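# Architecture and fold: a report
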Amino acid sequence: MKNLLAARLTWPVVALAALLLLNFVLQPNFFSIRVQDGHLYGSLIDIVRNGAPTVLVALGMTLVIATRGLDLSVGSIVAIAGAVACSILASSGSEANVPVVIVAVAAALAAALVLGAWNGFLVAVVGIPPIVATLILMTAGRGLALLITQGQIVTVSSAAYRVIGAGFALGLPVSILIAAVIYAAAALLTRKTALGMLIDAVGVNPIASRIAGVPVKGINWSVYAFSGLCAGVAGLMISSNVTAADSNSAGLWIELDAILAVVIGGTPVGGGRFSLSGTLVGAFIIQTLTATAYTAGIAPGVMLVLKAIVVAAVCVMQAPRVRSRAQRRVPSRPRAGVRS
Amino acid sequence: MSRRRLIGAAIAACATILLAGCQAGHGGSPGTSHLVVGFAQVGAESSWRTANTKDIESAFQHAGITLRFSDAEQQQANQIAAIRSYIQQRVSVIAFSPVVESGWDTVLQEAKAAGIPVILTDRAISTDDPSLYVTRLGSDFTKEGEKAGVWAKKEFAAASSVKVLEIEGTTGSAPAIGRTKGFEKEIGDDSKFSIVDSQDGGFTRAGGEQVMEAQLKAHPDVDLVYAQNDDMALGAIQAIEGAGERPGKQIKVISVDATHDGMEALAQGKINFIVECNPLLGDELVKLVKKVTAGKSVPRRIEPPERTFTQEQAIAALPTRKY
C-alpha cells in the first residue's frame, strides 16, 4: 500500500480509472465492445483511436522534455504534414494510386523530420533556448502550411490514404497499430539500450554530461528530430481521418495537450527523468476527458475548466511533498529501508 | 488644422453627393468605368470564402469596375488598415466582410467623413450608429435554420416520434446562433420531435465526427442529424458509417452550405437535404455599387437568392456548380 501510494504512476492511473467509471455511470454501455464489419467497435476503441495522435506527439515531447527542452512547434508540424501529403495527392491526379500515396506520405514525413531537425539545430548548435527556438516554427509553421495549401482546405478522396487514419487491420484501427509500433520502438530504444540513460544525463546536467563524454549535441538534435517525426505521423493520421488538410485547425493546441500528458504522466518539466508509460496514461486521460464532454453534453468552454481541475489535481497528487506526506500517513509495518 | 480638415471632408462629401446627383440626373446607363471599389475580405479560410472572393472579383471585372482587393488574414487590424488606405485613395465605395462584429465605429466614421459609402457583405457589425453603412448584403442564418426545420417536418410527416441530434457550429458565432434558433423554432411546435442533444462541432470535420461517435453510443436510436455546415455533416457521416449504419437511410442527415463536397455526398444519398448558404454575392454587389454611386436609395438589408437541395436537385446542379 505504501509503495503503491508512492509510485509515480498510481495517481494518473487512479484518475483515468475514475474518469472511465464516470463515463460508465453516464452511459451504461460504455465498456461494451462488439465486432462490427470485421473490426472492433465501441467507446473505448474510439478513445484510443482519437487519442493516437496525442499519444504520438506526447511521446516525442517526453524525450524532448527529458533533456530539459520543450517543443512548441508540434501543432504546426501536424498541419504541415497534412498539407504536404494532401497537396501532393490532390495535384497528382491519380490519388487512388498506392505508389502516389506512398510518395505523398514519405514526402510529408521527410518534411516533418527536416523541421524537427531544424529545431534541433537551433537548440543544439546555435544554442537558442528551446522555448524560443520552437516558438519560431510554431508561429511560422501554420503560415507555411497555409502557403502550401494556398489558404484552402485541400480535400482528397483517396481510399489508400484514408487507411492511415480511418482504416482497420487485424480488427483494430490502423492508427492505433501505428502508434503502438512507434511507442514500442521508443520504449525498447530508451530502456534496453543506454540511450534512455544518456537522455536522462543530458537533462540532469548537460555540461557535466558533455565532459563525461555524452554526445549532448547529437542527443539534443535527435530528440527534436524524433519529436518532429512523431508530429508528422500524427498529422498524417489527423488529415487522413477526415481526408482533408485543414491548415487552420489541424493540430491546433495539440502541443499543450502533449505537454499536459507528459506532466500528468510524472515526467518533471525540469528534465533528467522520464516515464513513457506515464505519458501514455496522461494522453488517455486527456482524450477520455474530451470524450466525456461529448457523452455528458458538457459545453466545450466549461470542459476547459474541468480539464484544468483534473490536471491540477493529478499534478498536486504527484508533487514530491504530497507524496511523501501520503506515505507517512499510511500506518505501516516496520520495515527497513523504505524511505525514499 | 482639424477644422480645415473637417471643412475639406465636408466639401469632399458634398462633391460626392453632387457628383452622384449629377449622374442620376443623366438617367439611362451612367458610365461606371471611373468607379473604383475597395473590398476588404476576411481571409481565405474555407472553400465557401474562396468561392465568395472569386465571384466578387469576376463580377467586377465583368462590369468594368476597378476593384481594389485586400485579404485581412482573419485579423481586424489588417482590415482596418485596408479600409484606411481605401479612404486615402478616395475610392467610390468601400465594401467589406467584417472579421468580428464590434470595433468598427472609428474607421467607419472616417469613411463617412470622407463621404465614401460603405457596404457590408456576408457578416454583420454591431454599432449604435446606423448611418455608418448603407446596406448589408448577406444570408439570413435564422431563415436557413427554418428551412431545415420545414424539410424535417415534411420528411417525418408519417413518423410518430423523431429523435434529433444537433451538431452546432462554433458556440457564439452568428451562423451557429441563427441556424439553431430557426431550426428549433420551426420544429418546436411539433411535439413528436425531441432534440436528444445539441453539441458544438466547431464547423470542422473532425469535430462533427467526434460528436457523432460519442452520441451514437449514448443515443443509438437517433433518427435525424442536423449538422450546421457541410464539413460537420461529412464528419458525422464517417462516424455513422463506422458504426455500421447507413447515413441517409437509417439516420437522415440535414446540412447547411452546399459546398462541392457536401453536394457530392448529397448526390450519393449520404446527406438527405442541404440548405444553401450562397457565397456568390458578386453580381448583387455590383448592382448595389451602381445604385449607391448613382445616389439611388437601397434597402438596409439584402439577402442573396438561396435555395435548398434534395438528392435529385443536387445531381442536376453539380455539373454547373461554381464552388
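Residues numbered from 1 in each chain as written. Chains lettered and ligands numbered in written order. Predicted model: local features only at pLDDT ≥ 70, side-chain atom pairs only at ≥ 80, totals over all residues. Heavy atoms only, no water.

## Re the overall build of chain A
Helices and strands together make up the secondary structure of chain A, namely 15 helices and six strands. For 340 residues, the compact-globule estimate of 2.2 N^0.38 gives 20 Å, and chain A sits close to it at 21 Å. Per-residue burial over chain A gives 51% buried out of 340 residues. Across chain A, the fraction of contacts at a sequence separation of at least 24, relative to all contacts at a separation of at least 6, is 77%. Total accessible area computed for chain A in this model is approximately 15000 Å², and 72% of it derives from carbon and sulfur atoms. Distance between charge centroids for chain A: 23 Å, based on 21 positive and 8 negative side chains. (Helix = DSSP H or I, 4+ residues; strand = E, 2+ residues; numbered from the N terminus. Rg over C-alpha atoms; globule rule 2.2 N^0.38 Å. Buried < 20%, exposed > 50% of the residue type's maximum accessible area, 1.4 Å probe, protein only. Contact = heavy atoms within 4.5 Å. Areas by Shrake-Rupley, 256 points an atom, 1.4 Å probe, with all protein chains shown as cover. Lys, Arg positive; Asp, Glu negative; His and termini not counted. Charge placed at Lys NZ, Arg CZ, Asp CG, Glu CD.)

## Topic: the domain arrangement of chain B
All names here are of chain B. Each assigned domain of chain B is listed with its residue range as follows: domain 1 (2-11 + 32-138 + 280-304) and domain 2 (141-277). In this structure, domain 1 and domain 2 have C-alpha centres spaced 34 Å apart. Domain 1 puts six residues into the contact, and the matching count from domain 2 is six residues. Across the interface of domain 1 and domain 2, roughly 360 Å² is buried in total on both sides, 49% from carbon and sulfur atoms. Close ionic contact of Lys143 with Glu303 constitutes a salt bridge, the shortest N to O distance being 3.0 Å. The interface formed by domain 1 and domain 2 contains one residue pair in polar contact (both at pLDDT 80 or more). Per-class residue counts for the side of domain 1 that touches domain 2 are one nonpolar, one polar and four charged. (Domains from an automatic or database assignment. Buried area = accessible area lost by both parts, 1.4 Å probe. Salt bridge = Lys/Arg side-chain N within 4 Å of Asp/Glu carboxyl O. Polar contact = N/O pair within 3.5 Å; in protein donor to acceptor, adjacent residues only side chain to side chain. Nonpolar A, V, L, I, M, F, W, Y, C, P; charged D, E, K, R; others polar.)

## Description of helix α7 (residues 205-218) of chain B
All names here are of chain B. End to end, α7 covers 20 Å across 14 residues, agreeing with the expected 20 Å (1.5 Å per residue, within 8%). For α7, a buried count of twelve out of 14 residues is recorded, marking the element as mostly surrounded by other parts of the structure. By the burial criterion, the buried members of α7 are Arg205, Gly207, Gly208, Glu209, Gln210, Val211, Met212, Glu213, Ala214, Gln215, Leu216 and Lys217. The opening residue of α7 is Thr204, an N-cap whose side-chain oxygen sits 3.1 Å from the backbone nitrogen of Gly207. (Expected span 1.5 Å × (residues − 1).)

## Quick notes on the packing of helix α5 (residues 98-126) of chain A against helix α7 (residues 159-166) of chain A
All names here are of chain A. Following both chains from N to C, one finds α5 and α7 inclined at 50°, their axes separated by 8 Å at the closest point. With respect to each other, α5 and α7 are oriented oblique. Each of Val98, Val101 and Val105 in α5 lies in contact with α7, whose residues at this interface are Ala160, Tyr161 and Ile164. Tallied by class, residues from the contact of α5 with α7 come to six nonpolar, no polar and no charged. (Axes fitted to C-alpha atoms, helices over the stretch in contact; angles between N-to-C directions. Parallel < 35°, antiparallel > 145°, perpendicular 65-115°, else oblique.)

## Regarding the sheet that holds strand β1 (residues 36-41) of chain B
All names here are of chain B. A sheet is described by the order of its strands in space; here six strands give the open sequence β2-β1-β3-β4-β5-β11, paired in parallel fashion. For this open sheet the edge positions go to β2 (66-71) and β11 (301-302), each flanked by a neighbour on one side alone. Taken together, the six bridges between β1 and β2 define a ladder with parallel strand orientation. Paired with Ala40 across the strands is Ser70, a residue of β2. (Pairing = 2+ DSSP bridges.)

## Let's talk about the pairing of strand β8 (residues 224-227) of chain B
Residues and elements named next belong to chain B. Where burial is concerned, the two faces of β8 agree: the one with Leu224 and Tyr226 and the one with Val225 and Ala227 are both buried. Pairing between β8 and strand β9 (residues 252-257): three bridges, direction parallel. Of the residues in β9, the one forming a bridge with Val225 is Val253. After leaving β8, the chain enters helix α8 (residues 230-242) and then returns to the sheet as β9, a path that is right-handed. (Right-handed = clockwise from strand over helix to strand, strands pointing away.)

## Some details on a nonpolar patch on the surface
Residue and element names in this part refer to chain A. On the surface, a cluster of nonpolar side chains totalling about 500 Å² of accessible area is made up of Trp118, Phe121, Val125, Val126, Ile136 and Trp221. Considering each element in turn, the nonpolar patch owes the most residues, four residues, to α5. Exposure remark for Trp118: the relative accessible area of 37% places this residue in the partly exposed category. (Patch = residues over 30% accessible without salt bridge, like charges linked within 9 Å, V, L, I, M, F, W, Y side chains within 5 Å.)

## Notes on the interface of chain A and chain B
The parts lose accessible area when they come together, and the size of an interface is often stated as this lost area. Across the contact, 33 residues belong to chain A and 23 residues belong to chain B. Overall, the association of chain A and chain B removes approximately 2200 Å² of surface from exposure, summing both partners, and the carbon and sulfur fraction of that is 42%. Broken down residue by residue, the surface that chain A buries against chain B is led by A:Tyr41, A:Val242 and A:Tyr294, which jointly contribute 28%. Counting across the chain A and chain B interface gives three salt bridges.

## A few points about unusual backbone geometry
Backbone geometry at A:Trp253 places phi at a positive 70°, although glycine is not the residue there. Relative to the helices and strands, A:Trp253 resides in the loop between β6 (244-245) and α12 (254-264). The class for A:Trp253 is exposed, based on a relative accessible area of 52%. Of note in this structure, B:Arg90 is not a glycine but carries a positive phi near 55°.

## Concerning the pairing of strand β10 (residues 273-276) of chain B
Residue and element names in this part refer to chain B. Side chains of β10 alternate between two faces, with Phe273 and Val275 and Ile274 and Glu276 buried alike. Inspection of the sheet shows β9 paired to β10 by four bridges, in the parallel sense. Residue pairing in the sheet places Ile254 in a bridge with Phe273 of β10. Traced from β9 through helix α9 (residues 260-267) to β10, the parallel crossover comes out right-handed.

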